[in-house]
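Examination of the molecular architecture
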Amino acid sequence: MTFQELFASLPLDNEEAGKQILQTYIPTLDDEAITQLVELIKREADRQWNKDGYISFILSGYLLFIGTMTRNKFHHALGLMARGDALRRMYRNQEALPFFDAAGAEFLEIADEVGWARTRIGRVSASLQLNRTTEALRDAAAAREVFIHHNKLRRAGQIDVNAAIINYELGQYDQALRLFDRAIEAYSQEGDGVELHIARARGNKAITLAAQGKFREAVALHEQARATFAAYGEQEVSVAREELNIAEIYAAQGHYSQALLLFDQSRTIFQQQNLHPQAAEVALQICLCLIRLNRAREAYKLAAETVAFFRQFQGHRHNLAYALMYQAEAAMLDGHFRDAETMLQEASNLLEEGGFVALAAKARLQRAELYFADGQLEDAQREARHVADTLAQQEALPQLARAALLQARIAVAMRDIATAQYLCNQSLDIAQSQGLLDLKYRCNDLLGQIAERRSDLDAAAHYYDQAVQGIDDVQSRLVMDERTSFLEDKGDIYQHAIILALKRGNKDQAHTYVEKAKSRVLGDYLRNNIDIRLRAGDRAGEAILEDLARLREEQAWFSSIVYEAENETNLSDTAIMRIRSVGPERARQEMQQREHRIEQLLEQMQLRLAGDLVARPHPRWTDSIVASLWSKLARKTLMLEYYLTEQDIYIFQLTREGLNIHFVQGAVPKLERLLSFWRVNLDLAGHAAGVQDRALAFTGLQENSLGQLQRLYDLLLKPVSAALEACEHLIVVPYGILHYLPFHCLFDGVQYIVERLDVSYLPAAALLDVCRQRGRRIREKEMRMEDSLVLGLSDNGRLAFAVQEAEAVAKQLGVPAALDEAATTSLLWQRGTRSPIVHIAAHGLFRLDAPNFSHIKLADRQLSTIEAFNLNLSSCSLITLSACETGRAVVGGVDEVIGLGRGFLYAGAASLLPTFWKVDDASSAELMTMFYQALLNGQNKAAALAGAQRAFLARARTSIRPYRVHPYSWAAFHLIGDYGSL
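Residues numbered from 1 in each chain as written. Predicted model: local features only at pLDDT ≥ 70, side-chain atom pairs only at ≥ 80, totals over all residues. Heavy atoms only, no water.

**Brief notes about helix α12 (residues 215-231)**
- Its 17 residues place the ends of α12 24 Å apart at the C-alpha level, agreeing with the 24 Å of an ideal helix rising 1.5 Å per residue.
- The set of residues buried in α12 consists of F215, A218, V219, L221, H222, A225, T228 and F229.
- Of the residues one or two after α12, G233 is the one with positive phi, at around 65°. (Helix = DSSP H or I, 4+ residues; strand = E, 2+ residues; numbered from the N terminus. Expected span 1.5 Å × (residues − 1). Buried < 20%, exposed > 50% of the residue type's maximum accessible area, 1.4 Å probe, protein only.)

**Let's talk about the nonpolar core**
- Membership of the largest hydrophobic core comes to 258 residues, with the highest contact counts inside it found for Y642 and F904.
- Not counting residues up to four positions away in its chain, the partners in contact with Y642 are I649, Y650, I651, L716, L717, V732, V733, P734, Y735, L738 and F743. (Core = buried A, V, L, I, M, F, W, Y, C linked by side-chain atoms within 4.5 Å. Contact = heavy atoms within 4.5 Å.)

**So, the packing of aromatic side chains**
- Scanning the model with the defined rule gives 18 aromatic pairs in all.
- Between the aromatic rings of Y168 and Y173, the centroid separation amounts to 5.7 Å while the plane-to-plane angle is 40°, which identifies the pairing as tilted.
- Here Y168 falls in the partly exposed class, since its relative accessible area comes to 23%.
- Taken together, a centroid distance of 5.2 Å and an interplanar angle of 40° make the contact between Y642 and F743 tilted. In this pair, Y642 sits in strand β1 (residues 637-644) while F743 sits in the loop between β4 (729-733) and β5 (758-761), placing the two residues 101 residues apart along the sequence.
- Residue classification places Y642 among the buried residues on the basis of a relative accessible area of 0%.
- Note on F743: relative accessible area 0%, which makes it buried. (Phe/Tyr/Trp six-rings, centres within 6.5 Å; stacked < 30°, edge-to-face > 60°.)

**Overview of the pattern of salt bridges**
- All chains considered together, the criterion is met by 57 salt bridges.
- Note that R123 and D139 form a salt bridge whose closest N and O atoms lie 3.0 Å from each other. On the criterion of sequence distance, the pair formed by R123 in helix α7 (residues 113-129) and D139 in helix α8 (residues 133-149) is long-range, its members being 16 residues apart. Side by side, R123 and D139 carry an identical accessibility label, which is buried.
- Here E926 and R955 are joined by a salt bridge, their closest N and O atoms 3.1 Å apart. Linking E926 in helix α43 (residues 921-936) with R955 in helix α44 (residues 941-957), this pair joins segments that are 29 residues apart in sequence.
- Among the ionic contacts, a cluster of salt bridges with common partners joins D101, R120, R123, R132, E135 and D139. (Salt bridge = Lys/Arg side-chain N within 4 Å of Asp/Glu carboxyl O.)

**Brief notes about the packing of helix α34 (residues 668-688) against helix α36 (residues 701-716)**
- At their nearest, the axes of α34 and α36 sit 10 Å apart, and the two run at 150° to each other. Comparing the axis directions of α34 and α36 gives the class roughly antiparallel. Two packed elements cross with a definite hand, and for α34 against α36 that hand is left-handed. Contacts from K670, L671, L674, L675, F677, W678, N681, L684, A685 and A688 of α34 reach α36 at L701, N704, S705, Q708, L709, R711, L712, L715 and L716.
- In terms of residue class, the contact of α34 with α36 is built from 13 nonpolar, four polar and two charged. (Axes fitted to C-alpha atoms, helices over the stretch in contact; angles between N-to-C directions. Parallel < 35°, antiparallel > 145°, perpendicular 65-115°, else oblique. Left-handed = near helix turned anticlockwise from the far one by under 90°. Nonpolar A, V, L, I, M, F, W, Y, C, P; charged D, E, K, R; others polar.)

Printed below as a string of structure tokens:
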């Protein structure tokens, strides 16, 4: 048997079996063949080191066995060194050290000084992981002398790289850079075959440059390294490492979507290669992005998982500290200061024990931020000063800028305005030079507050405007719901800009800032025609879509158990058996797990599909979008846009003549109380509508509702009563809690507003033009009413009037109705693309806990907000959602409305007719019949709805059921978007 055949016969999973083969055949080989076999096994052990440490471990055992059999100390020393390397790869660094020492000793016994120096390469790395940095640097220096003496330049470069990494971990960045440059020079002098070594040195050097904030240089080096690895067909792991490093820079600069895209790709590769510690390190970087995007709970959970993972490995104490720091930061966001302090203390102890100076400074900076958030100003100031001094010595500019901003905030709190301004300017200078988007807007906001305190209003206005533009710069690079969560804590910055603009008499600028804060995600996506519909562009995308389809089916199944269990009346025997087989509590847990995973996969797909969006911002949101609004309003049309602070209401009044602003001081607490009372009245009305003696049940409710609705009118509409008198159509743009209020049923003391005016709604004033253009394009297409789609589902008889309503609407439109089993989401997907009207009468569910999973129940499955985003309704002039609570939403971001309606507007519909609350299905059927009759007679949508509601009221007042005058019976429907005719 040749040495090649012997090598091929060695098992990679059973060391003892391999030793028996070696024992049989080694005596048949001559010394040269044995040497070649040893070299072959060592090369394979080194190759497997990057892929599977266990195989490398097995191969090292064969080397040891051959060395023992042949009594060849060189071969045995190679085996010891390979065993040490394998143990190091398996994160058993403490066990590895004796093998490196034994290998070094055996090399010296045979006067092989270079062999001894080679053992130091692995020993240095193991020592670093065990926090024995002084020992590691001593070994590195000694080994380098040997390599240089023997002209082993490649080895000298390797040991210099290891020493540089140690200096990086110690925060000695300049020394680390010198060593990386020296390593690259040594590799270059070696000649051919060193390109991959140079690429690795460049990649590590780039990490050090990034720590100093030299991001452009760092990215350039990482991209050079990535290109080299790709060109040489290196394992995708090497390419993934460089993408991970680039992603970390993007995250530091505030390009979070771009970072998350690369993090996700590299993490997937590490997981596929069973490199679980590396995958956990990526998870830590994802935590940072989640924290900056205000997704504290996700970050906390992911950090907790990585903490648990790294506790298993003694050699990952710095990663454990990192994980604790991120978990602490997430805990701080949720206000859990004591828990955060405990985590930071443990992290600091780990880092100080290991001599990780740079990381220890970050931990102390976090502790300073914790003290500041908890109101411990003197402690915060002490820690921040210490950290700033350390970071200045290291020239760690990004962290130094963060420390300076914190010191400035502390100084403001201590009324030391001069110091605050100096420190904040220092932080801003660094942020601007390094492209740190997240710090720039925060610095500008604080400088604006400082200038305002000094009564320099012009300077304050400039800084606030820069802060708002800075927020735009960050959020314009984010995808979909990442934008919403990012804006979650930015309300104060917009408020500073708005209030100062009003104080300076700049009404147009104030209105522009209000609009910039409202429905930015939906508005930006619609204005820029950004397509985020799910589609597979490659094999990975197809796999994600397959997972999504499976998870959606499972989520819908568990959801049906959860929500049917809350109302077991009229359930089929099969449904009851399903509920009892799983149980509501377990079903809820399973449902929520799948919903979380669905949102994760959707984010991954959006990142993949967004393309250039995550690489560069879209064109800036221009002030002209708002400035040109009032001139586009029709005659006798009044637009009222609301803005709320903690205490005050601002009403922006727009007509063709221009913009006026009304200020209602101290009204918000009263507004909150009145809305709470109104909601109670509405809930009682909903209960009354379900009892047999409705007339008795409604006793007192109507009078009570009129009193509350008149008080709300006095707060919200009476200040603009003169403008109301001069208009025929009112467009309401709500803010915050006002998104839940039906303005059209406010009562002026004589009549409901809808009895005087046509009323429609918009999530943001800037969407008026978008929705009107859609309506105009659809009218120009001259779509046929015969292509309209009407779906009606009685939900096993629970909504008896839904089918009746669908039949009546279909008859008016001259189309067949798709009823019960025929009312499917599949039909909506097929026919919705060419339907000018889509009418859905079915059961709907609003999910306050998860608005993206609010849904309408159709025959084949649930139509959720997420699925609505993927519909094509570009030919739809009007979609009517005659179902329970289809107009309810959660307000996220600064003022982002998240609910079913957002999905249908994104899908292309010009206007939407949803419901604020669970509607009375008999009243709904009657109201819809009158609405479509008016609409088909040529009235515009706003006038048709108002006319139907007036006619309904007139009938109710003269009927044997006067209790139907209560808004519960008729006011749930409201028109959003284009108010024009079909």
